[in-house]
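Each chain is listed here by its residues.
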Amino acid sequence: MKSLANKNILLGVTGGIAAYKSAEIVRHLKKSGASVRVVMTKSAEEFITPLTLQALSGNRVSTELLDTESEAAMGHIELAKWADGILIAPATANTIARLSSGRGDDLLSTVTLAFDGPISLAPAMNQAMWRDNRTQDNLNKLLTQDFGICGPGSGEQACGDTGLGRMLEPLEILEIFSSSFDKGVLSGKNVLITAGPTQEPIDPVRFITNRSSGKMGYSLAHAAIEQGAQVTLISGPVNIEPPSNCNVIAINTAKEMSDAVKHHIKEMDVYIGTAAVSDYSPAEVKDSKIKKAGDNSSMILELKENEDILKFVSELEDRPYVVGFAAETDKLIENAENKLKHKKLDLIVANDVSDKSIGFDSEENEVTLITKEEKQLLKKQNKKKISKKIIEFISGRINEQNN
Ligand code: C5P
């Protein structure tokens, strides 16, 4: 198992016969350098005493949500803030069901709600309970919310049955759990992301813009940061909080975006252009507000083409891995493939914006990743998950290039 030195690990113990193995988990966690606090459910206390886990962890075991004494020591919010990771071993069918429905009716479930970090479950239950559709549905829901899972294993069970459902051995669990703290596949890489719309002024009060919300770019920034990258986010005006641990540069116009990209591109390993850069901007920006003629005549606004930032980046001599987005309303793949070629990209993410349930401003997206060699469809799912997969795809390709 990987070292957990200096990590604060909260071990949740729930009521299954495998709870006797939790004592050994605490011992191994301590041996690998972690500080350990244990939270037990009421039924876990039927299988193993808090005193055992307290003696091994060196910390008082917490059992009650509404207990003035324990809240005074370390309440649910403090525990959630203290922990770097939560491991629930054993995780019973009941606990999995309660976590999946977002219950906060005991200390352990409440801590997991208040916690924002990796949570892993080591399921332990009878094989029929494990196979039951309700358990599987509950688990799948948690897995799509980025809970980790260690096991279960297969074999003879305490009840005499044989099958899947027994808790993995402590060291097997910790092997999987400790890898959830890996530094990330983009560790040490610099990633530049453009996001959101641009605004091209016509006069002091009007501008040309588009419907880009910035959600895709921002969620890619989060995903790249999660994988250890140093992210610079050049963003048009959007209504989203940027990630706290990245360099955000706010711009309005395509020209400002282009200048900012040129300023930062040199040190970058990856460039991802998700921004909906305005293709044209007014040839002349009026100093004062344009007045209507009032004679039913039409008005002609002359536009000039803006620089293609993506093309500029891909034509650099010492270029990063270049990723573009193709938001199309028709001939999605054909248009995206043309763009891949014409703009000399390493990867294009093709996105059908005629479908209102995906793309601009929606929470979900369905995209096709296209490179010279391959096409990969990422079926409709939330932008967070799509982003994670895009980042994993990119890191796979840049690691291949480096080998
Ligand atoms: O050609 P089209 O505008 O559809 O290409 C979209 C891709 O090109 C996006 O990745 C977008 O960020 C980028 N782009 C750019 N500069 C422009 C126009 C688009 O970088 N002026």
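This text gives an overview of the structure that appears in the document. (Residues numbered from 1 in each chain as written. Predicted model: local features only at pLDDT ≥ 70, side-chain atom pairs only at ≥ 80, totals over all residues. Heavy atoms only, no water.)

1. Details of the site of the ligand
Heads up, the condition is: Being near a molecule or strand, for a residue, means having at least one of its heavy atoms within 4 Å of it. A 3.5 Å cut-off defines polar contacts: any pair of N or O atoms within that distance qualifies, except that in protein one atom must be a possible hydrogen donor and the other a possible acceptor, and neighbouring residues in sequence count only when both atoms are side-chain atoms. What sets the accessible areas is the Shrake-Rupley method with a 1.4 Å probe; for residues, cover comes only from the shown protein chains. Runs of H or I in DSSP of at least four residues are treated as helices and runs of E of at least two as strands, each being numbered from the N terminus. Each residue is assigned to one class: nonpolar for Ala, Val, Leu, Ile, Met, Phe, Trp, Tyr, Cys and Pro, charged for Asp, Glu, Lys and Arg, and polar for all the others, Gly among them.
Within the structure, the ligand sits among Gly273, Ala275, Val277, Asp279, Glu307, Asp308, Ile309, Leu310, Gly324, Phe325, Lys339 and Lys343. Separating an oxygen atom of the ligand from a backbone N or O atom of alanine 275 is a distance of 2.6 Å. Surface burial for the ligand is 86%, taken as the share of its 450 Å² of free accessible area covered by protein chains. Those elements that provide at least two residues to the shell around the ligand are α12 (309–314) and β16 (321–328). Across the shell around the ligand, the residue classes break down as 5 nonpolar, 2 polar and 5 charged.

2. Notes on helix α14 (residues 383–402)
Counting along an α-helix, one turn takes 3.6 residues, and residues three or four places apart therefore face a common direction. How we decide: The span you would expect from a helix comes to 1.5 Å times its residue count less one. For every residue, the accessible area (1.4 Å probe, protein chains only) is compared with the maximum for its type, and the residue is labelled buried under 20%, exposed over 50%, or partly exposed between those bounds. Throughout, a contact is declared for two residues whenever any of their heavy atoms are within 4.5 Å.
Between its first and last C-alpha atoms α14 spans 28 Å; for 20 residues at 1.5 Å apiece the expected length is 28 Å, and the two agree. Residues of α14 that are buried: Lys383, Ile386, Ser387, Ile390, Ile391, Phe393, Ile394, Ser395, Arg397 and Ile398. Buried residues belonging to α14 abut α10 (215–226), β13 (270–273), β16, β17 (347–352), β18 (364–370) and β19 (375–382). Measuring from the backbone nitrogen of lysine 384 back to the side-chain oxygen at the start of α14 gives 3.1 Å, which picks out asparagine 382 as the cap.

3. Side note on the packing of α10 against α14
Threshold: Axes, fitted as lines to C-alpha atoms, cover a helix only where it is in contact. Angles between the N-to-C directions of the axes lie from 0 to 180 degrees. Roughly parallel means an angle under 35 degrees; roughly antiparallel, over 145; roughly perpendicular, 65 to 115; everything else is oblique. Should the near helix be turned counterclockwise from the far one by less than a right angle, the crossing is left-handed, whereas a clockwise turn marks it as right-handed.
Relative orientation of the contacting elements α10 and α14 amounts to 55°, with a least axis distance of 8 Å. The orientation of α10 with respect to α14, classified from their angle, is oblique. Seen along the crossing, α10 lies across α14 with a hand that is right-handed. Here Lys215, Met216, Ser219, Leu220, Ala223 and Ala224 of α10 lie close against α14, whose contacting residues are Lys383, Lys384, Ile386, Ser387, Lys388, Ile390 and Ile391. In terms of residue class, the contact of α10 with α14 is made up of 7 nonpolar, 2 polar and 4 charged.

4. Let's talk about the sheet that holds β18
Put simply, the rule is: Two strands qualify as a pair provided DSSP detects at least 2 bridges between them.
If you trace the 8 strands from one edge of the open sheet to the other, you get β12-β11-β8-β13-β16-β17-β18-β19, paired in mixed fashion. In the strand order of this sheet, the two ends are held by β12 (247–250) and β19, each with one partner. With direction set aside, neighbouring strand axes in the sheet form an average angle of 15°. The sheet contacts of helix α11 (residues 254–264) involve β8 (190–195), β11 (230–235), β12 and β13, and relative to β8 the element is tilted by about 180°.

5. Considerations on the packing of helix α1 (residues 22–31) against helix α2 (residues 50–57)
In contact at an axis separation of 9 Å, α1 and α2 are set at 10° when each is read in the N-to-C sense. On the basis of the axis angle, α1 is roughly parallel to α2. The residues of α2 that touch α1, namely those facing Ser22, Ala23, Val26, Arg27 and Lys30, are Thr52, Leu53, Leu56 and Ser57. Split into classes, the residues belonging to the contact of α1 with α2 amount to 4 nonpolar, 3 polar and 2 charged.

6. Details of the packing of aromatic side chains
Two aromatic rings are characterised by how far apart their centres lie and by the angle between their planes. Our working definition: Pairing of aromatic rings covers Phe, Tyr and Trp, the last through its six-membered ring, and needs centres within 6.5 Å; plane angles under 30 degrees mean stacked, over 60 mean edge-to-face, and all others mean tilted. By definition, being over a ring means that NZ of Lys or CZ of Arg is both within 6 Å of the ring centre and within 35 degrees of the ring normal.
If you walk through the whole model with that rule in mind, you get 1 aromatic pair. Look at phenylalanine 177 and phenylalanine 181: their rings are 5.5 Å apart centre to centre, the planes differ by 90°, and that puts the pair in the edge-to-face class. Phenylalanine 181 matches phenylalanine 177 in its accessibility class, with the two residues each being buried. If you follow arginine 37 out to its NZ or CZ, it ends over the ring of tryptophan 82, 5.2 Å from the centre. Lying across the ring of phenylalanine 393, arginine 397 places its NZ or CZ 3.9 Å from the centre.

7. Looking at the side chain of threonine 92
One can find threonine 92 in the loop between β3 (85–91) and α5 (93–100). For threonine 92, a relative accessible area of 10% translates into the label buried. With sequence-adjacent residues up to four places away left out, threonine 92 is seen in contact with Thr14, Gly15, Gly16, Ala124 and Met125.

8. Comments concerning unusual backbone geometry
Omega for the bond connecting alanine 89 with proline 90 falls within 30 degrees of zero, at 0°, which places this linkage in the cis form. Here proline 90 shows up in strand β3. For the bond running from glycine 151 to proline 152, omega is 5°, close enough to zero to count as cis. One can find proline 152 in the loop between β5 (148–149) and β6 (153–156). For asparagine 6, which is not a glycine, the phi torsion comes out positive at approximately 65°. Relative to the assigned elements, asparagine 6 resides in the segment before β1 (8–13). Here the phi dihedral of asparagine 296 falls at roughly 60°; this positive angle occurs in a residue that is not glycine. Looking at the element boundaries, asparagine 296 is found in the loop between β14 (280–282) and β15 (303–305).

9. Overview of the pairing of β13
Of the two faces of β13, both are covered, the one formed by Val270 and Ile272 as well as the one formed by Tyr271 and Gly273. Taken together, the 4 bridges between β8 and β13 define a ladder with parallel strand orientation. In the sheet register, isoleucine 193 faces β13, and the bridge partner there is isoleucine 272. Bridge count between β13 and β16: 4 bridges; the pairing is parallel. In the sheet register, glycine 273 faces β16, and the bridge partner there is glycine 324.

10. Structural notes on the sheet that holds strand β4 (residues 119–123)
The strands that make up a sheet pair up through hydrogen bonds in the backbone, lying either parallel or antiparallel. Strand order in the open sheet formed by 5 strands is β2-β1-β3-β4-β5, with parallel pairing between adjacent strands. Strands at the two margins of the open sheet, each flanked by one partner only, are β2 (35–40) and β5. Pairing of β1 with β3 involves 4 bridges; the strand directions are parallel. Across the sheet, the residue bridging to leucine 10 is isoleucine 86, located in β3. Its contacts with the sheet place helix α9 (residues 170–179) against β1, β3, β4 and β5, and it is angled at close to 150° to β3.

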